[in-house]
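The chain contents come next:
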Amino acid sequence: MTSSRNPRPRAILRIHFHPAERTEELYGQLLGVIDGISSRVEPLPADWSAYVDLTGALTYWGRDLKGLVAVLRLRLLALHGVQCSVGAGPTRSIAAMAADATPPGAATVVRDDPYEIAAFLRTKPASALPGIGPKTAKTLARYGITSVGDIADTPLPTLQRILGTTVARLAQDRARGIDERPVVPGAAPRTISASHRFDRDELDPDQHHRAVLGLVQDLGGRLRTSREITQALTLTVTYADRTQTTRSRSLTEPTAHTPALAATARALLSGFGLQRARVRTLSVRAERLHPAEDTVHQLTLDDRDDKLRSLETALDKAVARYGPGVAGAASTFPRAG
């Protein structure tokens, strides 16, 4: 096991944030805390995480990796009251695996040392290796390959016959601690979100449905006002005990059209199975935004969609003239059959 293809020692983090409630503003603030320690931050807002390259920051701060991770966690907790889980290692894949195995409020640090890398990787199940999903792991198990160490030790030609040339080479490299992918700094992709907090813990699925429709109508109107379209929606449910569940879904085509957003949001809501859940807050986030001129609307022979778009335009004008709430028409858009 070696990382000789990458002679300069690296220190990469995968950090997951675990706030009580998620907002776009808070996510940006948390990234700002990280940026105060290292500017090499790759945001991953879909699952409230980020990659961070601390390689250069270690010398600047005069600390080892474990010490600088502790400083970062303490700052996030002190400034924003947010617990995080951190995985740290010499590669992206090791950092991701370490983070997946770490509970909130803790950190797992794998130093850039061949023996420590081997001790961390080799006993992990094959499915823990990034790029090896449950189906691939089941295929490997039929050949007696059940751990990351097995992947590392299997002759590459044999592994290629099982997985294919590219996947096999990537899997074996990562199983041996080799992963040259860099952290790519950048601003968090723009998102917009809306939330509804119930006056009391809400058990009624119809109330959940009405709240989500109201949220997507709000998001749709804001998207159209800013002349943007969204490629995906994320629905977050906060329960009475303050725990959260989040699901995301890509749209069939990028849009700001409320009925299309509503159909996706309904599908997400149905997937939660909230019939007996005590819900405190529902939040919908529109992600991967682009200028509206980038959209390509699929034409159909059914004029129903055109009528809904005309209705939507009229409602937007009413809201612009008289203010939010005057149209009140999330329920104006009929449910999908």
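As shown above, the structure is provided for reference.
Within every chain, residues take consecutive numbers counted from 1 along the sequence as written. Where totals are concerned, whole chains, interfaces and linings use all residues; where local detail is concerned, this predicted model gives features only for residues with pLDDT of at least 70, and gives and counts side-chain atom pairs only at 80 or more. Side-chain descriptors were evaluated using all non-hydrogen atoms of the structure, hydrogens and water having been removed beforehand.

Visitor: When you look at empty space enclosed by the protein in this model, what are you seeing that I'm missing?
Guide: Space left empty within the atom packing is revealed by a probe, the size of a water molecule, rolled over the atoms. We place a 1 Å grid over just the protein atoms. Points where a 1.4 Å probe fits but has no way out form a cavity, open points with protein on both sides within 12 Å along at least 5 of 7 lines form a pocket, and any residue with an atom within 4 Å of a point lines it. Grid points are joined across faces, edges and corners, and a volume is the space filled by probe spheres set on the points. Scanning all chains against the criterion turns up 2 cavities of 30 Å³ or more. The wall of the largest cavity is formed by R22, T23, E24, W48, S193, S195, T234, T236, S283, V284 and R285. Among the elements that line the lining of the largest cavity, the one with the most residues is strand β9 (residues 279-291), at 3 residues. Each residue is assigned to one class: nonpolar for Ala, Val, Leu, Ile, Met, Phe, Trp, Tyr, Cys and Pro, charged for Asp, Glu, Lys and Arg, and polar for all the others, Gly among them. Its residues assigned to classes, the lining of the largest cavity comprises 2 nonpolar, 6 polar and 3 charged. Secondary structure is summarised from DSSP: a helix means a run of H or I of at least four residues, a strand means a run of E of at least two, and numbering begins at the N terminus for each.

Visitor: Honestly, the environment of E24 in this entry has me stumped. Any pointers?
Guide: Along the chain, the position of E24 falls in helix α1 (residues 24-35). Relative accessibility decides the category of a residue: with a 1.4 Å probe and only protein chains considered, values under 20% of the type maximum give buried, values over 50% give exposed, and everything between is partly exposed. The class of E24 is partly exposed, set by a relative accessible area of 33%. Placed 169 residues apart in sequence, E24 and S193 show a C-alpha to C-alpha distance of 6.9 Å. Contacts are assigned to residue pairs that have any heavy atoms within 4.5 Å of one another. Apart from residues no more than four positions distant in its own chain, E24 is found in contact with T191, I192 and S193.

Visitor: Is there a simple way to explain the sheet that holds strand β1 (residues 12-18) in this structure?
Guide: One open sheet holds the 5 strands; their spatial order is β2-β3-β1-β4-β5, and the pairing between them is mixed. The open sheet terminates on both sides in strands that have one partner only, identified here as β2 (41-44) and β5 (107-109). The average undirected angle you get between the axes of adjacent strands in this sheet is 15 degrees. A pair of strands is considered paired only if DSSP assigns at least 2 bridges between the two. Of the strand pairs in this sheet, strand β4 (residues 83-89) and β5 are connected by 3 bridges, and their pairing is parallel. Within the sheet, the bridge partner assigned to A88 lies in β5 and is V109. To obtain an axis, a line is fitted to C-alpha atoms, over the contacting stretch when the element is a helix, and the angle between two such axes runs from 0 to 180 degrees between their N-to-C directions.

Visitor: How should I be thinking about the packing of aromatic side chains in this particular structure?
Guide: Each aromatic ring pair is described using two quantities: the centre-to-centre distance and the angle formed by the ring planes. The rule is short: rings of Phe, Tyr and Trp, with Trp giving its six-membered ring, pair when the centres are within 6.5 Å, and they are stacked under 30 degrees, edge-to-face over 60, tilted in between. Tallying each qualifying case throughout the model produces 3 aromatic pairs. Relative to Y27, the ring of F17 lies with its centre 6.0 Å away and its plane at 80 degrees, an arrangement referred to as edge-to-face. With F17 in strand β1 and Y27 in helix α1, this residue pair connects regions lying 10 residues apart in the sequence. Classification of F17 as buried rests on a relative accessible area of 1%. Site record: aromatic cluster; members linked through ring pairs are F17, Y27 and W48. Charges are assigned to positions over rings by a cutoff of 6 Å between ring centre and Lys NZ or Arg CZ, combined with an angular limit of 35 degrees from the ring normal. If you follow K124 out to its NZ or CZ, it ends over the ring of F120, 4.0 Å from the centre. Its guanidinium or amino end placed over the ring of F272, R247 lies 5.2 Å from that ring's centre, counting from NZ or CZ.

Visitor: Explanation requested: the pattern of salt bridges in the structure shown.
Guide: As a working rule, side chains carrying opposite charge can pair if their charged atoms are close by. Within this document, salt bridges are pairs made up of a side-chain nitrogen of Lys or Arg and a carboxyl oxygen of Asp or Glu, the two lying within 4 Å of each other. The tally for this structure, following the rule as stated, stands at 11 salt bridges. Across the salt bridge formed by D53 and R40, the nearest N and O atoms sit 3.9 Å from each other. In this pair, D53 sits in strand β3 (residues 49-53) while R40 sits in the loop between α1 and β2, placing the two residues 13 residues apart along the sequence. Its salt-bridge partner being R285, residue E287 comes within 2.7 Å of it at the nearest N-O pair. The same class applies to E287 as to R285, namely buried. Connected through salt bridges with shared partners, the residues D201, R278 and R280 form a single ionic network.

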